[in-house]
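Residue-level structural notes
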Amino acid sequence: MLFFRRPGEQKHLKDLPSLQWMHLAVVACGDRLEETVTMLKSAVLFSNRKLRFHVFAEDSLKPEFEKKFQEWPSTYTKKFEYNIYPITFSVGNAQEWKKLFKPCAAQRLFLPVILKDVDSLLYVDTDVLFLRPIDDIWRFLKEFNSTQLAAMAPEHEIPKIGWYSRFARHPYYGTTGVNSGVMLMNLTRIRNTQFKNSMISTGLTWEEMLYPLYQKYKNYITWGDQDLLNIIFYFNPEYLYVFPCQWNYRPDHCMYGSNCKGAETDGISILHGNRGVYHDDKQPTFKAIYEVIRDFPFEDNLFQSLFYPLQSKFLDTVHTLCGRIPQVFLKQIEKTMRKVYENRVVVHVRANHRL
């Protein structure tokens with residue numbers, strides 16, 4: 001069953017306990033429809049438990065998303081439900097927030113305020129691809145200690161070539177800052193926490209803090225809402241859980257030489273194609289994975305129509321820095337597809353046995 005929301009209608013998702021679902025949020029504006037649908041497709045292809053998509057989009061994109069979802073086969077539509085929300089900012093100037101960085105990206109800062117019925121969720125940028133089940137990153141929530149309420153990966157592994165450590169004119173988390181393209185959030189804790197800040201001596205709630213923080217630092221920030229998150233967790237480091245770089249693997253991890261040791265060992269878990277690399281020829285390894293997942297026919301064999309074409313495309317990228325380490329890109333997705341395939345075979349055999 002899918003939830004369709006009429007314009008202006010707020011759907012309260014209380015039909016099943018929140019813990020039975022994994023919640024995934026994304027913000028899509030401008031020309032990000034295809035990228036977002038491909039990201040959601042990668043989530044549905046590999047995940048085990050059911051998913052709830054919270055898609056925040058401009059009004060013109062809503063019917064396009066609904067059309068895309070309706071085209072997916074029932075085998076996969078049974079695995080998720082979705083809501084599409086308008087772009088809204090509860091405090092401050094909406095136009096300022098909308099233009100802060102990428103179109104509408106600041107919407108992610110308001111998820112704890114808007115999704116009051118959701119306990120925890122995973123936020124991702126539109127240019128993210130899952131190469132293993134979301135179930136696996138969702139488990140990090142159980143690793144939070146009593147104060148941690150969000151999780152992100154470092155912006156860089158090496159301070160001397162990291163952006164924040166070289167150029168930032170504002171406070172940032174740790175030695176290299178954190179990247180907000182993949183962000184696990186315990187919304188209940190965020191809503192219930194008083195945050196230390198650089199504006200007043202007492203704590204502020206998340207919603208109270210956002211606009212004054214932006215006003216104070218707006219002339220110093222480059223990466224919009226990500227910079228604001230870095231400032232927040234600079235003053236509240238005990239609230240942040242940091243997960244390894246393979247859960248937010250970007251071109252920066254290979255274009256200057258391989259510098260994500262976790263990916264070298266375990267393979268990439270979540271691919272983040274920032275810098276527009278899915279749509280140009282600067283990083284063909286990233287583009288190859290994006291195009292293969294985008295074009296994969298849902299009902300086809302995963303190895304025949306996804307993994308083998310991907311291997312073939314990678315042969316054309318070995319001359320690039322990222323292409324020299326194909327095992328980093330292929331290891332986890334091959335492992336994931338084997339599990340998906342094995343699970344389907346077991347289910348099919350069991351079904352036939354009952355007959």
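Scope of this entry: the structure provided in the associated data block. Here the structure is a predicted model, which means the values were calculated and not measured.

Our focus in this paragraph is the overall build of the protein. Each helix and strand in the protein was counted, giving 14 helices and nine strands. Against the compact-globule benchmark of 20 Å for 355 residues, the protein has a radius of gyration of 20 Å, which places it among compact chains. With 355 residues in all, the protein has 55% of them scored as buried. Here the contacts in the protein between residues at least 6 apart in sequence split such that 73% fall between residues at least 24 apart.

Judged by nonpolar contacts, the single largest core of 75 residues is most densely connected at Tyr249 and Phe329. With eight residues, helix α1 (residues 33-46) is the largest single contributor of residues to this core. Mapped onto the domain boundaries, this core takes at least three residues apiece from domain 1 (22-243) and domain 2 (246-350). Once residues lying within four places of it in the same chain are set aside, the contact partners of Tyr249 are Cys254, Cys260, Ala263, Ile268, Ile270, Leu271, His272, Phe286, Ile325, Val328 and Phe329. Counting residues in each nonpolar core, the second largest holds 42 residues, with Val178, Leu213, Leu229 and Leu240 among its members.

Once that is clear, we can look at the packing of aromatic side chains. If you walk through the whole model with that rule in mind, you get 33 aromatic pairs. On the basis of an interplanar angle of 15° and a centroid distance of 5.7 Å, the ring pair of Phe140 and Phe243 is categorised as stacked. Taken together, the positions of Phe140 in the loop between α6 (134-138) and β6 (150-154) and Phe243 in the loop between β8 (240-242) and α11 (261-266) put the pair 103 residues apart, joining distant regions of the chain. The class for Phe140 is buried, based on a relative accessible area of 9%. Seen in terms of ring centroids, Phe140 and Trp247 are 5.3 Å apart; in terms of plane orientation they differ by 80°. Their pairing is edge-to-face. Here Phe140, found in the loop between α6 and β6, pairs with Trp247, found in the loop between β8 and α11; they are 107 residues apart in sequence, far enough to count as distant. Residue placement shows Arg52 over the ring face of Trp21; its charged tip is 4.1 Å from the ring centre.

Within this structure, the stated rule accounts for three disulfides. What pairs with Cys245 in a disulfide is Cys260, and their sulfur atoms sit 2.0 Å apart. Taking the sign of the torsion about the S-S bond as the criterion, the disulfide between Cys245 and Cys260, at about 100°, is right-handed. Of the two residues, Cys245 is situated in the loop between β8 and α11 and Cys260 in the loop between β8 and α11; the sequence distance between them amounts to 15 residues. With relative accessibility at 5%, the residue Cys245 sits in the buried group. Each sulfur of the disulfide joining Cys254 and Cys322 lies 1.9 Å from the other.

Let us look at the sheet that holds strand β4 (residues 120-124). Spatially, seven strands are ordered β3-β2-β1-β4-β7-β6-β8 in an open sheet, and the strand pairing comes out mixed. On the outer flanks of this sheet lie β3 (80-85) and β8, each paired with one strand and no other. Sheet twist, expressed as the average angle between the axes of neighbouring strands with direction ignored, equals 25°. Of the strands in this sheet, β1 (22-28), β2 (51-57), β3 and β4 touch α1, which is tilted by about 165° from β1. Along the sheet, helix α2 (residues 62-71) makes contact with β1, β2 and β3, crossing β3 at roughly 170°.

Turning to the pattern of salt bridges, a few remarks are in order. Tallied over the full model, the rule gives 17 salt bridges. The partner of Lys261 in a salt bridge is Glu264, with the nearest N and O atoms 3.9 Å apart. Placement of the pair is Lys261 and Glu264 together in helix α11, with a separation of three residues, close to one helical turn. The structure contains a network of salt bridges with shared partners spanning Asp31, Arg32 and Glu35.

Next up on the list: the environment of Lys216. One can find Lys216 in helix α9 (residues 206-217). You can call Lys216 partly exposed: its relative accessible area is 39%. Considering only alpha carbons, one finds Lys216 and Asn343, 127 residues apart in sequence, at a separation of 52 Å. Among residues more than four places away in sequence, those in contact with Lys216 are Ser198 and Met199. Polar side-chain contacts of Lys216 include one of 2.8 Å to the backbone oxygen of Ser198.

Basis of the calculations
- Residues numbered from 1 in each chain as written.
- Predicted model: local features only at pLDDT ≥ 70, side-chain atom pairs only at ≥ 80, totals over all residues.
- Heavy atoms only, no water.
- Helix = DSSP H or I, 4+ residues; strand = E, 2+ residues; numbered from the N terminus.
- Rg over C-alpha atoms; globule rule 2.2 N^0.38 Å.
- Buried < 20%, exposed > 50% of the residue type's maximum accessible area, 1.4 Å probe, protein only.
- Contact = heavy atoms within 4.5 Å.
- Core = buried A, V, L, I, M, F, W, Y, C linked by side-chain atoms within 4.5 Å.
- Domains from an automatic or database assignment.
- Phe/Tyr/Trp six-rings, centres within 6.5 Å; stacked < 30°, edge-to-face > 60°.
- Lys NZ or Arg CZ within 6 Å of the ring centre and 35° of its normal.
- Disulfide = S-S within 2.5 Å.
- Pairing = 2+ DSSP bridges.
- Axes fitted to C-alpha atoms, helices over the stretch in contact; angles between N-to-C directions.
- Salt bridge = Lys/Arg side-chain N within 4 Å of Asp/Glu carboxyl O.
- Polar contact = N/O pair within 3.5 Å; in protein donor to acceptor, adjacent residues only side chain to side chain.

Function cannot be inferred from these measures alone, as they are strictly geometric.
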